[in-house]
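# Chain and residue survey
Read off the chains here:
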Amino acid sequence: MKPIDNSTGKLRVAVLYGGRSGEHEISLRSAASVIRLLDRKRFEVLPVAIDKTGRWRFVSLSQIVRPDASIPESLPIPADAPLVVMPPNPSQQKSSAGVLLPLESGSSQKPIPFDLVFPVMHGPMCEDGTIQGFLELAEVPYVGCGVLASSAGMDKEISKRLVRDSGIPIVPYISVKSGEWQRDEKYWAEQIAKLGYPVFVKPANLGSSVGIHRVKEPTALKAAMEDAFRYDTKVLVEVAVNAREIELAVLENPEYGKPALVSLPGEVTPTHEFYSYEAKYLDENGAALTIPARLSDAQIEAAQKIARKAFSALECEGLARCDLFIDKNTGEFFFNEVNTIPGFTSISMYPKMWEATGLPYVELLSKLVDLALARHQRKKALVRAR
Ligand SMILES: Nc1ncnc2c1ncn2[C@@H]1O[C@H](COP(=O)(O)OP(=O)(O)OP(=O)(O)O)[C@@H](O)[C@H]1O
Ligand SMILES: [Mg+2]
């Protein structure tokens, strides 16, 4: 089976979208923007969908592009798009970094070679190091954080511990495993009471505010914990800060070894009690986004310093969005979390903050691709075995 020719001379970017997480639908929107705005002068775009059951499909652009040449706001996953697999045996490939093979025997589809992968999927099994590990095995270049930063960044507790270790303030919290909670709810309720109500209860490894509760009093704790344990076996309970929510876009420095580049900060002001799932996705007016955030120059500098430090503490590569709280009463900053594959729609904070800082979306995507290729070259040059 010979791969088809790449007659265009362009880099073939496989854009991975969909995924098995609860944030599948958001990925369909993020990837639509990425596919729309990847520079066609440099790149050939190969959309590859992962459906909710984990099947991979090669979607041809002609199945996505509308008759008027526009790309829909949310990408489809056509049921007749051929099923494909990515084999972890790159040595067979001479003319490309990787290849997608048709799964169905007797399929008329030829192998599909590509040069790198741009994963545009959010949440567990997408952003948490699993896909990244898979791409490492396949030895293909890919955009964004590697395995370690992806998985550490996904875990709200591990990321806090690493960031705290580099001297960045975090909100006081307690982490509880489901087994510990089941064995001694009373003990944990007492520990949590010591933090002081209200508290935030959240699954450790999830996004989009799924399973997150603001708990005002001890009587409401049990139901909140039980709901959070539906989504993860580890739950974080945090002191609720009366906070403004500040986000920053971080990009690996194209000059290898130099500190990461940080955008101007943006602010999210939820109109709900907090930035809940409803406020994020179900209510059009769920939050006001202000870019740049109304902060003093000194505050902007402090926020950027924290974001840069957190990116480095978590060993991020490529990109990450760093979310901070600023205490309305004391003005103190706290690190809340990183998102290693942040929302990427044209109205998402990550690309918007870069635009406000002078880096247009199209150029941002090109930089991310270049960073992915550069990292791959560095890793390929390493001695792996003697
Ligand atoms: N300790 C806290 N104090 C005040 N508000 C909080 C606290 N923790 C969470 N929140 C509120 O809940 C929202 C969601 O929490 P968080 O950002 O930790 O998780 P997430 O948004 O689900 O993760 P992701 O951004 O990866 O989707 C925050 O944006 C904020 O509005
Ligand atoms: Mg968040």
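To start, this report covers the structure provided alongside it. (Residues numbered from 1 in each chain as written. Chains lettered and ligands numbered in written order. Predicted model: local features only at pLDDT ≥ 70, side-chain atom pairs only at ≥ 80, totals over all residues. Heavy atoms only, no water.)

## Concerning helix α1 (residues 24-37)
Between the first and last C-alpha of α1 there are 20 Å, a value that for 14 residues agrees with the 20 Å anticipated at 1.5 Å per step. Listing the buried residues of α1 in full gives H24, I26, S27, L28, S30, A31, A32, S33, V34 and I35. Check the buried side of α1 and you find it contacts β1 (11-18), β2 (43-50), β7 (116-119), α8 (277-282) and α11 (361-380). (Helix = DSSP H or I, 4+ residues; strand = E, 2+ residues; numbered from the N terminus. Expected span 1.5 Å × (residues − 1). Buried < 20%, exposed > 50% of the residue type's maximum accessible area, 1.4 Å probe, protein only. Contact = heavy atoms within 4.5 Å.)

## Description of the packing of aromatic side chains
Scanning the entire structure with this criterion turns up 7 aromatic pairs. An angle of 50 degrees between the planes, with centres 5.4 Å apart, marks the rings of W56 and F134 as tilted. Of this pair, W56 sits in strand β3 (residues 56-58) while F134 is found in helix α2 (residues 130-137), placing the two residues 78 residues apart along the sequence. On the basis of relative accessible area, F134 is assigned to the partly exposed category, the value being 30%. Each residue in the set F118, F344, Y350 and Y361 is aromatic and connected to the rest through ring pairs, giving one cluster. Its end group placed over the ring of Y256, R378 keeps NZ or CZ at 3.6 Å from the ring centre. (Phe/Tyr/Trp six-rings, centres within 6.5 Å; stacked < 30°, edge-to-face > 60°. Lys NZ or Arg CZ within 6 Å of the ring centre and 35° of its normal.)

## Some points on the site of ligand 1
Near ligand 1, the surroundings consist of 20 residues, among which S208, S209, E245, K280 and E337 are the closest. In the environment of ligand 1, an oxygen atom lies 2.6 Å from a nitrogen or oxygen atom belonging to the side chain of K202. Contact distances for ligand 1 include 2.4 Å between an oxygen atom and a side-chain N or O atom of E337. The protein chains hide 94% of the 600 Å² of surface that ligand 1 would expose on its own. Of all the secondary-structure elements, those providing two or more residues to the shell around ligand 1 are β9 (199-203), β11 (234-239), β16 (319-327) and β17 (333-339). At 3 residues, β17 tops the list of elements feeding residues into the shell around ligand 1. Of the residues assigned to the shell around ligand 1, the class counts are 8 nonpolar, 5 polar and 7 charged. Residue assignment places the shell around ligand 1 across two domains, with domain 2 (153-170 + 242-380) and domain 3 (173-239) each supplying three or more. (Near = heavy atom within 4 Å. Polar contact = N/O pair within 3.5 Å; in protein donor to acceptor, adjacent residues only side chain to side chain. Areas by Shrake-Rupley, 256 points an atom, 1.4 Å probe, with all protein chains shown as cover. Nonpolar A, V, L, I, M, F, W, Y, C, P; charged D, E, K, R; others polar. Domains from an automatic or database assignment.)

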